[in-house]
Amino acid sequence: MRRRPRAPRRGSRAGRIVLNASERLTVVGGGLAGCEAAWQAARRGVDVDLYEMRPAVSGPAHRTGSLAELVCSNSLRGAALENAVGLLKEELARLDSLVIAAARETAVPAGGALAVDRERFSALIEARIAAEPRITLHREEIRAIPLDRPAIIACGPLPTEEFLASLDAVLRYCHPERGRLHYFDAASPIVAADSIDESAMYRKSRYDKGDGDDYLNIPLDRDAYTALLQDLRTLDRHPAKDFEETRYFEGCLPIEEMADRGDDVLRFGPLKPVGLRDPRTGATPYAVVQLRKENREATAYNLVGFQTRLTWPAQRAAFGKLPGLANAEWLRLGVMHRNTFVDAPRLLDARLKLRGSHALYLAGQITGAEGYVEAAACGAMTGIHVSRQIAALQPIDVPRATALGAVVAHLQNRDSPDFQPSNVTWGSFDRDAALGAQDGAGAARLGKRERRRLLAEHALAAVEAFAAETLLLPAGYSR
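These figures come from a predicted structure and were not determined experimentally.

**Student:** Which parts of the structure should I look at to understand the overall build of the chain?
**Tutor:** Scanning the chain for helices and strands turns up 14 helices and 16 strands. Here the chain holds 479 residues, and 58% of them are scored as buried. Partitioning the contacts of the chain with sequence separation of at least 6, the portion at a separation of at least 24 is 73%.

Structure, rendered in structure tokens:
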């Protein structure tokens, strides 16, 4: 059964709809952002209807009907607090994040990164959603934007065309001058571990982080590297459709696009040999292809940074020439797909609510927040904000001096007329907000690691206070 939500009253704007504590929250999308939003709202006494169209209707990048399916890498990136995304994970953990708790419980070795067994990760999130009495999971497709109730749109970057048409209509209604945008994203190949010839490789994490053997490394000399470049530049690629403009996210470029940009781009990118000296020879290779564990049993490996739009026969030809992969069994070859996002700085406010609406929030990659953790962060923030609105509490912005605040800062950055998705970075942090102008100036003289440690300390203290304040509800509100 497919449910079409009620349309708003004729002649009324969404901003005129009055909410009250009896309202249920509608969350559209059972990915990381949607699950996190539902979880945070439920923890604050709100009853939630969570809609996920799979398995009845599937998107082009999905392979299962599971909630919180990781469709690209199984890595949630760096875990250390010196990394902006590592701090973002810890901030979410302080908010009792469903996604971060599940990721840590299903982690697989990945050096300094947090990578997960993707099947166990999804299963754990689905089990906890099912066990939460305030969340009702609906396995059906929402085909139009609900405007007559508080809602969070966490449809991901690849909603159906009918849903996109509904979103376009809402955007044009609220902001006639702005439409939806899009770019392309890609997924890396996965190879079966028992088909790999490890004699051509060595086990080592960059700079020996983690257990030191979380990655398999394929050393390339100059000739092997040059041959790979030639294949990437000349083998067949999937063409873009005529109506789609090819715009890539710079943090997740197809490997052939990087090869096209210069001979050494890959050697300073995903094939960077720094910190990966070959223990067998004592020498640093010319370039290194890294393979990362896909699951706890280490039965599958992901080619790190090899997201691609090469055709499948071209991938088999090019990657099968890499040392140790001549007899590779490819469990998944690289795929290319369109990702859709809105012009967040001009369409969304600081709480990720659509300007001109009363209670329509967006979360996840549809906002232009790139990355699994950033998607979960958007879900957490919108779940908190809409809960306060339903409960008639004063709105509270996330602290500016946090990684959560840095995510919002990017989504509110109007300096560039051409908004593009981005991961969380230290560049979006407000150092003065964290440390004060005087202490911030002093911190600028510290080393990078010490400065970031200081920023992280202040950020976590701010998040603790934010968490305590946002868990409060009016007397008698919990139903």
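**Student:** For this particular structure, what's the right way to read the pattern of salt bridges?
**Tutor:** Opposite charge on two side chains permits them to pair, given that their charged atoms come into close proximity. One pass over the structure, following the stated rule, counts 29 salt bridges. Across the pair R94 and E464 runs a salt bridge, and its minimum N-O distance is 2.8 Å. Of this pair, R94 sits in helix α2 (residues 84-94) while E464 sits in helix α14 (residues 448-470), and the two are 370 residues apart along the sequence. In this structure R94 comes out as partly exposed when scored by relative accessible area, which is 31%.

**Student:** Hey, could you run me through the sheet that holds strand β10 (residues 202-203) in this one?
**Tutor:** Whenever strands of a sheet pair, they do so through backbone hydrogen bonds, lying parallel or antiparallel. The six strands lie next to each other as β10-β11-β12-β13-β9-β14, forming an open sheet whose pairing is antiparallel. Every other strand in the sheet has two partners, leaving β10 and β14 (330-332) as the edge strands with one partner each. In terms of strand pairing, strand β9 (residues 190-192) meets β14 through two bridges, oriented antiparallel. Bridge pairing in β14 links I190 to R332.

**Student:** Help me understand the sheet that holds strand β6 (residues 135-138) in this model?
**Tutor:** Strand order in the open sheet formed by five strands is β6-β2-β1-β7-β16, with parallel pairing between adjacent strands. Both edges of this open sheet fall to β6 and β16 (360-362), since each of them pairs with a single strand only. Here the average twist between neighbouring strands, direction ignored, is 20 degrees. Pairing between strand β1 (residues 25-28) and strand β7 (residues 151-153): three bridges, direction parallel. Each residue of the ladder has a partner; that of V27, found in β7, is I152. In the packing of helix α1 (residues 32-43) onto the sheet, contacts are made with β1, β2 (48-51), β6 and β7, and the angle to β2 comes to roughly 170 degrees. Sheet contacts for helix α10 (residues 372-390): β1, β7 and β16; angle to β16, the most-contacted strand, approximately 170 degrees.

**Student:** Honestly, the nonpolar core in this entry has me stumped. Any pointers?
**Tutor:** Note on soluble globular proteins: their nonpolar side chains tend to be buried together. Core analysis: the largest hydrophobic core is formed by 101 residues, its most contacted members being L25, L88, L92, F121, I125 and L404. Per-element tally for this core: the top contributor is α10, with eleven residues. Dropping the residues within four chain positions of it, L404 is found in contact with L88, E91, L92, L95, A377, M381, V398 and V463. The next biggest cluster of nonpolar side chains, apart from the first, holds 36 residues, and it includes Y225, L232, V289 and L303.

**Student:** Would you mind showing me how to read α10 here?
**Tutor:** Side chains three or four residues apart in an α-helix point the same way, a direct result of the helix having 3.6 residues per turn. Taking 1.5 Å of rise per residue, 19 residues should cover 27 Å, and α10 covers 27 Å from first to last C-alpha, within 8% of that figure. With 18 of 19 residues buried, α10 lies mostly within the body of the structure.

**Student:** Whenever I open this one, the pairing of strand β11 (residues 215-220) confuses me. Can you help?
**Tutor:** Regular strands have side chains that alternate between both faces of the sheet. With respect to burial, β11 is a largely interior element, five of its six residues being buried. Note that β10 and β11 share two bridges and pair antiparallel. Bridge pairing links Y202 to N217 in β11. Across six bridges, the pairing between β11 and strand β12 (residues 287-293) is antiparallel. Note on β12: the bridge partner recorded for N217 is Q290.

Rules behind the numbers
Residues numbered from 1 in each chain as written. Predicted model: local features only at pLDDT ≥ 70, side-chain atom pairs only at ≥ 80, totals over all residues. Heavy atoms only, no water. Helix = DSSP H or I, 4+ residues; strand = E, 2+ residues; numbered from the N terminus. Buried < 20%, exposed > 50% of the residue type's maximum accessible area, 1.4 Å probe, protein only. Contact = heavy atoms within 4.5 Å. Salt bridge = Lys/Arg side-chain N within 4 Å of Asp/Glu carboxyl O. Pairing = 2+ DSSP bridges. Axes fitted to C-alpha atoms, helices over the stretch in contact; angles between N-to-C directions. Core = buried A, V, L, I, M, F, W, Y, C linked by side-chain atoms within 4.5 Å. Expected span 1.5 Å × (residues − 1).

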